[in-house]
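Structure at a glance
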Amino acid sequence: MTAGYSNILPFCAAALLAGAQTTWAHDHHGANMNFDTGESIGAILKIHIILMSLSFGLLFPIGLVLGLKKNRWHVPVQATGGVLAIIGFVLGHAHGGRAFPDNAHSKFSWFMLWLLVAQLSAGGYLKVHTERRFNDKVRPYIKVAHKYMAILMIIVSYVQILLGVIAYLGFCYDGYFGQCLAHLIMGSAFMAYGIWLLLLLRLASPWLNRFGRSPELYDSVMITVWGLINTFTEHGFIEEANGWSHKDLQHTSLGVIWFCGGLLSTYMLRKAGPSDRSMFPAIILIFTGCAMGSHEQDTEFSTRVHFIFGLSLVLAGFTRCLEILLITTNLIRPDSKEPNPFQYLPVFFLCHSGMMFMSANHESVHGIESIGIDIGTYSLGYLSITFLIFLYAYFLFQLFSELSKHQNKDATLPSSEDGIAYHTITQVSEVRSISEEDLRRDPHVLFDADAEDAYDGHGLNADGIYQRVGTANGSPRSSDVIELGPMSRV
């Protein structure tokens, strides 16, 4: 289910970020603070930052994963996160430290608060199980709303944390608003692209196979839509522009190439299956990286930052092309249980390129340069942050995968009147590895009902061989486990 929403995350985050920034950008011209003012933020505000980071940055995403797998720790984790968030909200509006100008982070916090209250209330309602006492017709709608609010919470949490960093540093005021917004949105989009590829790599293969689409089809649609947006928003969309600068021309031309290349790839893959691949999205990344790597800036330090960003994007596209080549030549098996280590490289380079582009805004670069940090230290610092972000995303997907395995392993099997000891075989590969000697030694083995082709390895006819059907909760369904009859029939 999660895979279906991940390809729209960059657009949702971009829209929320743009809307939140616009609410305050034009009301406070001249109110510009910097991180080197030396003014203390105070102990209360530090506690606010810690609590909000723990709740929205750590507990709520973990709680979402636990909730998707219906784990018993879902409610305690979400409740703890909710309590910390409410305490942090109060402290954030009651601190006596540094005085911040009116900003999007403060205004957006009210939306976050009401969304949190609505989500926790819906979760509490579902936990009560009112359908056991009376006919609850509202419950299915609340269940859907609860799930969508949890997904929305992840998106707006990222936006709110980013707005908090902006408020703390005092960036994106006055004439810096447009370029600051562009770097944050595009950098977030590259990071979301990387996380999307990691999701496809770790969890979404069955989802892609079920829909019968090529993985690059979704990439191509994203690139096409994003290129269309970029084409018409890079010149005079946020702020009134006088003439076309070389930056306007280059940024707009990148939007055009994303739109045209994405449109080509989308059309070529419109009827393609999961095994059909395309290198055009990766080639678009390579050309974008080359253009950004040669992007002239007003300082040498800024030019080098953009070069590292472009280099990361080129490496992302190049390794993606190699990955597709290895898969299509069967040097990497797409149906293997664990991804090939090489397949993580495009994901990492995309995340790193996103981090570098977000850091390449004018105020950040000039602030770092003014305190004497060289380009090596600067790039290594953001490389370290990329490792941490990649670790966190990998941890969440791995947690989802491990919970799925334990959920299947710990499920209560159907009981029978004759006291037969049932055994589960969940993987088709495991079914095929069972020898006839093993089958004779254990005359009652449970097979997955969807794995009828596995019986061919033992010369069995699946028709008429099923004797008993059941599930953990006693209700039959298409994926029920089925007990084969005595092995004397083999």
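Thresholds, definitions, all that
Residues numbered from 1 in each chain as written. Predicted model: local features only at pLDDT ≥ 70, side-chain atom pairs only at ≥ 80, totals over all residues. Heavy atoms only, no water. Helix = DSSP H or I, 4+ residues; strand = E, 2+ residues; numbered from the N terminus. Expected span 1.5 Å × (residues − 1). Buried < 20%, exposed > 50% of the residue type's maximum accessible area, 1.4 Å probe, protein only. Patch = residues over 30% accessible without salt bridge, like charges linked within 9 Å, V, L, I, M, F, W, Y side chains within 5 Å. Areas by Shrake-Rupley, 256 points an atom, 1.4 Å probe, with all protein chains shown as cover. Salt bridge = Lys/Arg side-chain N within 4 Å of Asp/Glu carboxyl O. Core = buried A, V, L, I, M, F, W, Y, C linked by side-chain atoms within 4.5 Å. Contact = heavy atoms within 4.5 Å. 1 Å grid on protein atoms, 1.4 Å probe; cavity = no way out; pocket = protein on both sides within 12 Å on 5 of 7 lines; lining within 4 Å. Points joined across faces, edges and corners; volume = space filled by probe spheres on them. Polar contact = N/O pair within 3.5 Å; in protein donor to acceptor, adjacent residues only side chain to side chain. pLDDT = per-residue confidence, 0-100. Phe/Tyr/Trp six-rings, centres within 6.5 Å; stacked < 30°, edge-to-face > 60°. Axes fitted to C-alpha atoms, helices over the stretch in contact; angles between N-to-C directions. Parallel < 35°, antiparallel > 145°, perpendicular 65-115°, else oblique. Left-handed = near helix turned anticlockwise from the far one by under 90°. Nonpolar A, V, L, I, M, F, W, Y, C, P; charged D, E, K, R; others polar.

**Focus on helix α7 (residues 177–202)**
- Between its first and last C-alpha atoms α7 spans 37 Å; for 26 residues at 1.5 Å apiece the expected length is 38 Å, and the two agree.
- The buried fraction of α7 amounts to 23 of the 26 residues, a majority that puts the element mostly inside the structure.

**Things to note about helix α13 (residues 344–359)**
- Its 16 residues give α13 an end-to-end C-alpha distance of 23 Å, which sits within 8% of 22 Å, the value for a rise of 1.5 Å per residue.
- The buried fraction of α13 amounts to 15 of the 16 residues, a majority that puts the element mostly inside the structure.

**Some thoughts on a nonpolar patch on the surface**
- Together, Ile-257, Leu-264, Tyr-267, Met-268, Met-279, Phe-280, Ile-283, Phe-287, Phe-318, Leu-322 and Leu-325 make up an exposed nonpolar region whose accessible area comes to about 970 Å².
- Going through the elements one at a time, α10 (246–268), α11 (280–293) and α12 (300–328) are the ones with two or more residues in the nonpolar patch.
- Looking at the nonpolar patch element by element, the count peaks at 4 residues for α10.
- Take Leu-322: it is sitting in helix α12.
- Judged by its relative accessible area of 30%, Leu-322 is partly exposed.

**Overview of the nonpolar core**
- The biggest cluster of nonpolar side chains holds 76 residues, and the ones touching the most others in it are Met-153, Phe-190, Tyr-193, Trp-196, Leu-350 and Tyr-378.
- In terms of residue count, the dominant contributor to this core is α7 (16 residues).
- Beyond its immediate stretch of four places on either side in the chain, Met-153 contacts Phe-56, Phe-60, Met-112, Leu-115, Leu-116 and Gln-119.
- Counting residues in each nonpolar core, the second largest holds 10 residues, with Leu-59, Ile-62, Leu-66 and Leu-84 among its members.

**Structural notes on unusual backbone geometry**
- A positive phi is found at Lys-70, a non-glycine position, where the angle reads about 55°.
- Mapped onto the elements of the fold, Lys-70 is located in the loop between α3 (43–68) and α4 (74–92).
- A positive phi angle, close to 65°, is found at Asn-330, a residue other than glycine.
- Along the polypeptide, Asn-330 turns up in the loop between α12 and α13.

**A word on the pattern of salt bridges**
- In total, this model carries 6 salt bridges according to the counting rule given.
- Close ionic contact of Glu-216 with Arg-320 constitutes a salt bridge, the shortest N to O distance being 2.7 Å. Note that Glu-216 is positioned in helix α9 (residues 215–233) and Arg-320 in helix α12, a separation of 104 residues in sequence. Taken individually, Glu-216 and Arg-320 each receive the classification buried, so the pair is uniform in this respect.
- Glu-323 is paired through a salt bridge with Arg-320; the nearest N and O atoms lie 3.0 Å apart. Here Glu-323 pairs with Arg-320, and both are found in helix α12, just 3 residues apart, close to one helical turn. Per residue, the accessibility class of Glu-323 equals that of Arg-320, and both read buried.
- Sharing partners across several salt bridges, the network here consists of Glu-216, Asp-219, Arg-277, Arg-320 and Glu-323.

**Notes on empty space enclosed by the protein**
- The full count for this structure, using the stated rule, is 3 cavities of 30 Å³ or more.
- Roughly 170 Å³ of internal volume is contained in the largest cavity.
- Residue lining of the largest cavity: 15 residues in total, with Met-186, Asn-230, Leu-254, Met-292 and Phe-357 positioned closest to the centre.
- Elements with a minimum of two residues in the lining of the largest cavity: α7, α9, α10 and α11.

**Focus: the environment of Tyr-392**
- Summarising the element assignment, Tyr-392 is placed in helix α15 (residues 375–410).
- The partly exposed category is assigned to Tyr-392, whose relative accessible area is 26%.
- Sequence separation between Tyr-392 and Gly-57 is 335 residues; the distance between their C-alpha atoms is 10.0 Å.
- For Tyr-392, the contacting residues outside a window of four places in its chain are Gly-57, Leu-58, Pro-61 and Ile-62.

**Thoughts on the side chain of Glu-323**
- Classification of Glu-323 by relative accessible area gives buried; the value is 4%.
- Looking at Glu-323, its side chain comes within polar contact range of the side chain of Arg-320, at 3.0 Å.
- Sequence-distant contacts of Glu-323, defined by excluding residues within four places in its chain, comprise Leu-201, Phe-342, Gln-343 and Pro-346.

**A look at the confidence of the model for the protein chain**
- Per-residue pLDDT for the protein chain has a mean of 75; in total, 70% of the residues score no lower than 70.
- Under a pLDDT of 50 for its full length, residues 1–11 has, in the predicted model, 24 contacts with residues more than four places off or in other chains.

**A word on the packing of aromatic side chains**
- Enumeration over the complete set of coordinates arrives at 14 aromatic pairs.
- Ring geometry for Trp-196 versus Tyr-218: centroids 6.0 Å apart, planes at 70°, classification edge-to-face. Of this pair, Trp-196 sits in helix α7 while Tyr-218 sits in helix α9, placing them 22 residues apart in sequence. For the residue pair Trp-196 and Tyr-218, the accessibility class agrees, reading buried in each case.
- What links up through ring pairs into an aromatic cluster is the set Tyr-344, Phe-348, Phe-349, Phe-387, Phe-390 and Tyr-394.

**A closer look at the packing of α4 against helix α5 (residues 104–128)**
- Where α4 contacts α5, the two axes come as close as 11 Å, and the packing angle between them is 150°. By the criterion of interaxial angle, the relationship of α4 to α5 is roughly antiparallel. Both α4 and α5 take part in a crossing whose hand is left-handed. Where α4 approaches α5, its residues Val-75, Gln-78, Gly-82, Ala-85, Ile-86 and Phe-89 are matched on the opposing element by Ser-109, Trp-110, Leu-113, Leu-116, Gln-119, Leu-120 and Lys-127.
- Taken together, the residues that form the contact of α4 with α5 break down as 8 nonpolar, 4 polar and 1 charged.

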